[in-house]
Amino acid sequence: EHVIENHNIFQSEDSDPSSRRRFPASSAGLSLVEALVVLSILSIAAAAVVPNLFAWRANMRLQSTVNELLGELHSAKGLAAKHNTTVSVEFDPAESRYQITYVDSGGHPVALKREALPPELRIDSAHPDYTLDNHRLTFTSRGGASPGTLVVSHLGGKNKKIVISSIGKIRTGN
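Residues numbered from 1 in each chain as written. Predicted model: local features only at pLDDT ≥ 70, side-chain atom pairs only at ≥ 80, totals over all residues. Heavy atoms only, no water.

So, the overall build of the protein chain
Thinking step 1. Within the protein chain, the regular secondary structure consists of 1 helix and 8 strands.
Thinking step 2. The 174 residues of the protein chain split such that 27% are buried.
Thinking step 3. Long-range pairs, those at least 24 residues apart, make up 50% of the contacts in the protein chain between residues at least 6 apart in sequence.
Thinking step 4. Carbon and sulfur atoms provide 55% of the accessible area of the protein chain, an area that totals close to 12300 Å². (Helix = DSSP H or I, 4+ residues; strand = E, 2+ residues; numbered from the N terminus. Buried < 20%, exposed > 50% of the residue type's maximum accessible area, 1.4 Å probe, protein only. Contact = heavy atoms within 4.5 Å. Areas by Shrake-Rupley, 256 points an atom, 1.4 Å probe, with all protein chains shown as cover.)

Given below as structure tokens:
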């Protein structure tokens, strides 16, 4: 005769609760010292990253503003050719503003756009590469321009240049 043993597959061989393995109390969680070490490592990492994050943001704002100005200058050049007139872009370094205007057929100046730069950016007329005569650029109906270099800087000191040639070519510089 065969005897069938009754086994519970969900019970281990050591089903006696007293024989179960117990973990020491210290491995049940983080101790105060371990938590402080982790916190100090995270704060050191944050201290290293945060200044770079601010610099990155300022550089992105500078690049974005220069790209916007490039677009505005290309638009001014196109308007001059399209309407057979001269379009001027006047810069106010003291206020970090610019204005785009043209003279209509009656000889009256017409403002197309007035814009201020973001507060942390400025038109840097004190920079040695800034060469705009009377803080003005003009684009003629034939595609020419008054040559010059516009310098935009942020408070951290980094700057970008926009160079305009006499044949109306607009490009960025360092």
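Structural notes on the nonpolar core
Thinking step 1. Grouped together as the largest cluster of nonpolar side chains are 26 residues, with contacts concentrated most on V89, F91, F139, L150 and I162.
Thinking step 2. Among the elements that line this core, the one with the most residues is helix α1 (residues 32-82), at 7 residues.
Thinking step 3. When sequence neighbours within four positions are dropped, the list of residues in contact with I162 reads V66, L69, L70, L73, G148, T149, L150, I170, R171 and T172. (Core = buried A, V, L, I, M, F, W, Y, C linked by side-chain atoms within 4.5 Å.)

Some thoughts on the sheet that holds strand β7 (residues 159-164)
Thinking step 1. Sheet architecture is open: 4 strands sit in the order β4-β6-β7-β8, paired in antiparallel fashion. Each edge of the open sheet carries a strand with a single partner, namely β4 (121-123) and β8 (170-173). Within the sheet, the average angular offset between the axes of one strand and its neighbour, ignoring direction, is 25°.
Thinking step 2. One ladder, built from 3 bridges, connects β4 with strand β6 (residues 148-154); its direction is antiparallel. Looking at β6, one finds that L121 is bridged to H154.
Thinking step 3. Packing of α1 onto the sheet brings it into contact with β4, β6, β7 and β8, and relative to β7 it is tilted by some 15°. (Pairing = 2+ DSSP bridges. Axes fitted to C-alpha atoms, helices over the stretch in contact; angles between N-to-C directions.)

Here we look at the sheet that holds strand β5 (residues 136-139)
The pairing of strands in a sheet comes from backbone hydrogen bonds and takes either a parallel or an antiparallel form.
Thinking step 1. Reading across the sheet, the 4 strands line up as β3-β2-β1-β5 and stay open at both edges, with antiparallel pairing between neighbours. Looking along the sheet, the strands with just one partner apiece sit at the ends: β3 (109-116) and β5. The mean angle between the axes of side-by-side strands here comes to 15°, regardless of whether they run parallel or antiparallel.
Thinking step 2. With 7 bridges joining them, strand β2 (residues 97-103) and β3 adopt antiparallel strand pairing. Paired with T101 across the bridge in β3 is A111.
Thinking step 3. Here α1 sits on the sheet in contact with β1 (87-92), β2, β3 and β5, set at roughly 150° to β1.

Here we look at the packing of aromatic side chains
Thinking step 1. Counted by the stated rule, this structure contains 1 aromatic pair.
Thinking step 2. Judged by centre distance (6.1 Å) and plane angle (40°), the rings of F91 and Y98 are tilted.
Thinking step 3. Relative accessible area serves as the criterion here: at 6%, F91 is assigned to the buried category. (Phe/Tyr/Trp six-rings, centres within 6.5 Å; stacked < 30°, edge-to-face > 60°.)

Things to note about the environment of V87
Thinking step 1. Position of V87 relative to the elements: it lies in strand β1.
Thinking step 2. C-alpha separation for the pair V87 and T140, spaced 53 residues apart in sequence, amounts to 6.7 Å.
Thinking step 3. Not counting the four nearest positions on each side in its chain, V87 is found in contact with A76, L79, A80, I100, T101, Y102, L137, T138 and F139.

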